[in-house]
Amino acid sequence: MSARVLVVDDVPANVKLLEARLSAEYFDVVTASCGREALDICRRAECDIVLLDVMMPDIDGFEVCRQLKSDPRTHFIPVVMVTALDSPADRVRGLDAGADDFLTKPVSDVVLIARVRSLARLKMMTDELRMRALTSCEIGVQAPEREVIADEGKGGRILLVEDRPSSYERLAPILAEEHTVDVEPDPAQALFHAADGNYDLLIVSLNLENYDGLRLCSQARSLERTRNVPLLALSNADNNVQLLRGLEIGVNDYLLRPVDKNELLARARTQIRRRRYTHYLRDSVQSTFEMAITDPLTGLHNRRYLEGHLATLAEQASVRGKPLALMILDIDYFKSINDTHGHDAGDDVLREFASRIRKSVRGIDLAARYGGEEFVIVMPETDQHVAGIIAERLRRAIANEAFPIEKGAKQIEVTISVGLATLETKHEPVGDVLKRADQALYRAKHDGRNRVVSAAA
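Residues numbered from 1 in each chain as written. Predicted model: local features only at pLDDT ≥ 70, side-chain atom pairs only at ≥ 80, totals over all residues. Heavy atoms only, no water.

(A) Fine view of the overall build of the protein chain. Scanning the protein chain for helices and strands turns up 16 helices and 17 strands. The C-alpha radius of gyration of the protein chain comes to 30 Å, more than 25% above the 23 Å expected for a compact globule of 457 residues. In the protein chain, which comprises 457 residues, the proportion classed as buried is 51%. Sequence-distant contacts in the protein chain: of pairs separated by 6 or more residues, those separated by 24 or more amount to 67%. Put simply, the protein chain shows about 21700 Å² of open surface, and 50% of that area lies on carbon and sulfur atoms. Computed over 60 positive and 71 negative side-chain charges, the separation of the two mean positions in the protein chain equals 3 Å. (Helix = DSSP H or I, 4+ residues; strand = E, 2+ residues; numbered from the N terminus. Rg over C-alpha atoms; globule rule 2.2 N^0.38 Å. Buried < 20%, exposed > 50% of the residue type's maximum accessible area, 1.4 Å probe, protein only. Contact = heavy atoms within 4.5 Å. Areas by Shrake-Rupley, 256 points an atom, 1.4 Å probe, with all protein chains shown as cover. Lys, Arg positive; Asp, Glu negative; His and termini not counted. Charge placed at Lys NZ, Arg CZ, Asp CG, Glu CD.)

So this is what it looks like as structure tokens:
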């Protein structure tokens, strides 16, 4: 896996050593000798991961990390503190500044490469989500990224998987100071518990008595409901092989026993913040997708979605030998509604019309706003006779009950004209069906409106 790693250290020998180690594993390496230079490189988006020394002459590593994590342009870049400082207080200080990990000099080659690879995978995933989420801004969706950055990572839901009472009786109260904590002492039930609990973080002991903790982590990564939930592993200090294997299969972070209280809380906050950020990005992508296929006024699918999905429905009907019906509906004299009562009243009519359409069609039917006051309903597995009954029922539902406008202050009469067509041959182009329904609609309007006309009539 290739990534560009920024090595920041004011000691040239340290820089050369890390550069040689990383280059041997085919990482691209850029270097900086001071904090300000590192900040400039990150702001120009010239790196994927930062290996950051703490003790530097201009700005120390803690402050560099704090500035990176508070800037929307750079807060998503993983930062690993690399330093000779090894007390729990120093690690907590680094984690509180936003660091993703804290490695102590001299750094083991194996641990360094495993950690960089793990964070490179995380960065690639985040970059893809960010790139898709940028579309939200381009189509006018407000992106509250600064609010996401300011999240303190508290108030999360945590599942602690630990079968030793002496351990979970100590750790659970610590975590409960900032989060809601559930303890699962039975590893065999942990995956089911995790899948149903909507957790922000899973903390898994790798030293379970009769169960392989790494297998549980691997299963959590393969299950759809838990695939994106951060994993924090607890391990003994002498079990590097197990930890490295954990990082390879998707463990996000780890703690060595004996667990320091403040470091546990700091690492939990870091993972929960990251979980919320990626969740925000996924929501943004989903929102963008929905906006791309949904008419904002009526909430129905838009013409773009209709044109893409209609061909699929027609193909399925042909393959299965099932009928397919399509109707085009047009609100009669809609221009006069706008001219007489104003465009806000016209919008009220369109929204109410869409609501009545939703109440009149089945779940398998596709209803879309085709443009202006025209709507299309596609009905799989529906022949012309049944489609005609549905169209007539919908026409009556519109004509028999007045439409409220101006927040219910007034009511107006509304009618619709409907053109109906069905898929006639197995390989008929779906565009021909739509055209015949449109021609039937024209006849309905020509013959006096407020009626249903079939293309076969």
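Don't stop here, the text continues.
(B) Quick look at the sheet that holds strand 9 (residues 231–235). Judged by pairing direction, the sheet is parallel, and its 5 strands sit side by side in the order 7-6-8-9-10 without closing on themselves. The open sheet is flanked by strand 7 (180–184) and strand 10 (253–256), the only strands paired with a single partner. Shown here is a sheet whose adjacent strand axes are inclined to one another by a mean of 20°, direction ignored. Relative to strand 10, strand 9 runs parallel, the two being bridged by 4 bridges. If you follow leucine 234 over to strand 10, its bridge partner there is leucine 255. Across the sheet, helix 8 (residues 187–197) lies against strand 6 (157–161), strand 7 and strand 8 (201–205), angled at about 170° from strand 6, the strand it touches most. Set on the sheet, helix 9 (residues 213–222) makes contact with strand 6, strand 8 and strand 9; between it and strand 8 the angle comes to about 155°. (Pairing = 2+ DSSP bridges. Axes fitted to C-alpha atoms, helices over the stretch in contact; angles between N-to-C directions.)

(C) Summary view of the pattern of salt bridges. Here the structure, examined in full by the defined rule, presents 40 salt bridges. Here glutamate 178 makes a salt bridge to arginine 269, at a shortest N to O gap of 2.8 Å. Note that glutamate 178 is positioned in the loop between helix 7 (165–175) and strand 7 and arginine 269 in helix 11 (residues 261–293), a separation of 91 residues in sequence. As far as burial versus exposure is concerned, glutamate 178 and arginine 269 are alike and both buried. Across the pair aspartate 200 and arginine 275 runs a salt bridge whose closest N-O atoms are separated by 3.8 Å. Note that aspartate 200 is positioned in the loop between helix 8 and strand 8 and arginine 275 in helix 11, a separation of 75 residues in sequence. (Salt bridge = Lys/Arg side-chain N within 4 Å of Asp/Glu carboxyl O.)

(D) Just unusual backbone geometry, in detail. With omega at -10°, the peptide bond leading from lysine 105 into proline 106 counts as cis. On the secondary structure map, proline 106 appears in the loop between strand 5 (101–104) and helix 5 (109–138). Each neighbour pair has its own omega, and for arginine 257 with proline 258 the value is 0°, a cis peptide bond. Here proline 258 lies in the loop between strand 10 and helix 11. Non-glycine residue asparagine 198 carries a positive phi angle of around 50°. Among the secondary structure elements, asparagine 198 is positioned in the loop between helix 8 and strand 8. Positive phi, normally seen in glycine, also occurs at glutamate 381, with a value near 55°.

(E) Quick peek at the nonpolar core. Ranked by internal contacts, the top residues of the largest apolar core, which has 43 residues, are Val7, Leu22, Leu51, Leu112, Val116 and Leu202. For this core, the element with the most residues is helix 5, which contributes 8 residues. Sequence-distant contacts of leucine 22, that is, excluding residues within four places in its chain, are made with Val5, Val7, Phe27, Val29, Leu51, Leu112, Ile113 and Val116. Counting 30 residues, the second-largest nonpolar core is a separate cluster that includes Ile337, Leu394, Val414 and Leu420. (Core = buried A, V, L, I, M, F, W, Y, C linked by side-chain atoms within 4.5 Å.)

(F) A look at empty space enclosed by the protein. Tallied over the full model, the rule gives 1 cavity of 30 Å³ or more. Here the largest cavity defines a volume of roughly 50 Å³. As for the largest cavity, its lining consists of Leu159, Val161, Ala190, Leu191, Ala194, Leu202, Val204, Leu216, Cys217, Ala220 and Leu231. Of all the secondary-structure elements, those providing two or more residues to the lining of the largest cavity are strand 6, helix 8, strand 8 and helix 9. Across the lining of the largest cavity, the residue classes break down as 11 nonpolar, no polar and no charged. (1 Å grid on protein atoms, 1.4 Å probe; cavity = no way out; pocket = protein on both sides within 12 Å on 5 of 7 lines; lining within 4 Å. Points joined across faces, edges and corners; volume = space filled by probe spheres on them. Nonpolar A, V, L, I, M, F, W, Y, C, P; charged D, E, K, R; others polar.)

(G) Layout of the sheet that holds strand 4 (residues 79–83). A sheet is described by the order of its strands in space; here 5 strands give the open sequence 2-1-3-4-5, paired in parallel fashion. Each of the sheet's edge strands pairs with one partner strand only, and the pair in question is strand 2 (28–32) and strand 5. Taken over all neighbouring pairs, the strand axes of this sheet differ in orientation by 20° on average, direction set aside. In this fold helix 1 (residues 12–24) packs onto strand 1 (4–8), strand 2 and strand 3 (49–53), with an angle of close to 165° to the strand it touches most, strand 2.

(H) The arrangement of the packing of aromatic side chains in detail. The tally for this structure, following the rule as stated, stands at 1 aromatic pair. Seen from their ring centres, phenylalanine 353 and phenylalanine 375 are 4.8 Å apart, and the 85° between their planes marks the pair as edge-to-face. Remark: phenylalanine 375 occurs in strand 13 (residues 374–380) and phenylalanine 353 occurs in helix 14 (residues 343–360); sequence separation between them is 22 residues. This pair shows no difference in class: phenylalanine 353 is buried, exactly as phenylalanine 375 is. Against the face of phenylalanine 403 rests arginine 356, its NZ or CZ located 3.9 Å from the ring centre. (Phe/Tyr/Trp six-rings, centres within 6.5 Å; stacked < 30°, edge-to-face > 60°. Lys NZ or Arg CZ within 6 Å of the ring centre and 35° of its normal.)

(I) Quick look at the state of the cysteines. Applying the stated rule across the entire model yields 0 disulfides. Lacking any disulfide linkage, cysteine 42 is separated from the closest cysteine sulfur, that of cysteine 47, by 3.7 Å. (Disulfide = S-S within 2.5 Å.)

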